[in-house]
Amino acid sequence: MFQQDLIGWFEAEQRDLPWRKDKDPYKVWVSEIMLQQTRVDTVIPYFLRFIEQFPTIQALSTAEEDRVLKAWEGLGYYSRARNLQSAVKEVHENYGGIVPDDPKEISTLKGVGPYTAGAILSIAYGIPEPAVDGNVMRVLSRILLIWDDIAKASSRKIFEEAVRRLISHENPSYFNQALMELGALICTPTSPSCLLCPVREHCQAFQEGSQNELPIKTKNKKHRHVQIAAAVLRNDEGKILIHKRPEKGLLANLWEFPNIEVALPFVNEKDQLKEAVKDLYKADIQIGGMIGQIEHVFSHLTWNINAYEGKIQSIEMESKELKLVTIEEMKEFTFSVSHQKMMKQYFEGDE
DNA sequence: TATACGTGGTG
DNA sequence: TCACCAAGTAT
């Protein structure tokens, strides 16, 4: 029987992962958010530090957002962290600190979409709800010979219906986790290990030899490139000017060095940056030499940063989004990896 | 429905 | 080198 073969394999072969130590709905929740579009090996150290720092719903709901972002620094998709804290506060205040076990209720929480709702409900509460991620679509497309394009949003419900038909009501937690684990370890995107697969006898793609043609997934478009000019600016005390990014959009609420998107060609960018800093931050600055050129690739765009050093002649510090900090203080603020690269270039050239 | 949203690993 | 990816969600 398919369910038995799948779950039996999972019981024998599952990886020893820190979020599998218990079924605390809060910890399951944190792990599922971190694992969105993110590799297991990357998540492990973040999960351990995060749970150590914020062990309970109570702890996370009362934490400073800046500390939460700092704990997330380097993990990417930072709105996950802010949505998680917002949703945890909601549970703390309106659900008595108990993660709801109802599909409709849990789905109203920020950052909890159809996959995460199903994952928490099945893993923490043993409720037979589908948890369809990329692994599950890949595995089931092969087992059931489903040729729909998994890149299309409309395909997910096809797989959810399949899971509703197949899911073990005896152990929905292991059933869902086993599908994902199988996708991660055996039924991989390229060159799946069908000869090691515990359910190959149930797999229609294996029977007809089409496992390498599935799943169907259309390609994404190539992304755009953006030219950035940025500067590490110090005043006569040696303090460095940093700026908090807007609360929406790319790298929301993270800190950065003053920078602009270069509209006009290369030659003027130092002047453009100087003028922008004057307008935006009411600062008179002098931009000096280049400290580095950084390419930073996001999922949907690439930044090509020309980074300069510079001096602050005068500045009106009014805005909360602006700070002059020492190098030591700077470590307390959350920066994107692109700006960490700048920092590194600057300090390597500073010796 | 399509696009914005990060990062580091990989064949 | 580089496209593709890895336990998706919000808008």
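A quick note: this is a predicted structure, and the numbers were derived from the prediction, not measured.

Enquirer: With reference to specific residues and values, describe the overall build of chain A.
Expert: Along chain A, the regular secondary structure elements total 15 helices and 7 strands. Taken over the C-alpha atoms alone, chain A extends approximately 75 × 50 × 35 Å along its principal axes. Sorting the 351 residues of chain A into buried and exposed places 49% on the buried side. Within chain A, residue pairs in contact and separated by at least 24 positions form 66% of the contacts whose partners lie at least 6 positions apart. Split by element, the accessible area of chain A, about 18,100 Å² in all, is 49% carbon and sulfur. Averaged over its 42 positive side-chain charges, chain A has a centre that lies 3 Å from the centre of its 50 negative ones.

Enquirer: A description of the pattern of salt bridges should follow, citing residues and the corresponding values.
Expert: A full pass over the atoms with the stated rule returns 13 salt bridges. Its salt-bridge partner being Asp66, residue Lys244 comes within 3.6 Å of it at the nearest N-O pair. Of this pair, Lys244 sits in strand E2 (residues 240–244) while Asp66 sits in helix H5 (residues 65–72), and the two are 178 residues apart along the sequence. Linking Glu129 and Arg164 is a salt bridge whose minimum nitrogen-to-oxygen distance equals 3.3 Å. Separated by 35 residues along the polypeptide, Glu129 in the loop between helix H8 (114–125) and helix H9 (134–143) and Arg164 in helix H10 (residues 156–166) bring together distant segments of the chain.

Enquirer: Before we move on, can you summarise the UniProt feature "domain: HhH-GPD" (unreviewed entry) in chain A with the specific residues and values?
Expert: Following the UniProt record, the feature "domain: HhH-GPD" (unreviewed entry) maps to residues 34–185 here. Note that residues 34–185 is 64% helix and 0% strand, and that its end C-alpha atoms are spaced 19 Å apart.

Enquirer: Account for the protein's contact with DNA strand B, with residues named and values stated.
Expert: As a structural note, the neighbourhood of DNA strand B is formed by 20 residues, with Arg39, Tyr78, Lys221, Leu251 and His296 the closest of them. When atoms of DNA strand B within 4 Å of the protein are sorted by moiety, sugar and phosphate together comprise 62%. Of the residues belonging to the surface near DNA strand B, the class tally is 8 nonpolar, 10 polar and 2 charged.

Thresholds applied
- Residues numbered from 1 in each chain as written.
- Chains lettered and ligands numbered in written order.
- Predicted model: local features only at pLDDT ≥ 70, side-chain atom pairs only at ≥ 80, totals over all residues.
- Heavy atoms only, no water.
- Helix = DSSP H or I, 4+ residues; strand = E, 2+ residues; numbered from the N terminus.
- Buried < 20%, exposed > 50% of the residue type's maximum accessible area, 1.4 Å probe, protein only.
- Contact = heavy atoms within 4.5 Å.
- Areas by Shrake-Rupley, 256 points an atom, 1.4 Å probe, with all protein chains shown as cover.
- Lys, Arg positive; Asp, Glu negative; His and termini not counted.
- Charge placed at Lys NZ, Arg CZ, Asp CG, Glu CD.
- Salt bridge = Lys/Arg side-chain N within 4 Å of Asp/Glu carboxyl O.
- UniProt positions renumbered as here; feature names shortened; annotations may be inferred.
- Near = heavy atom within 4 Å.
- Nonpolar A, V, L, I, M, F, W, Y, C, P; charged D, E, K, R; others polar.

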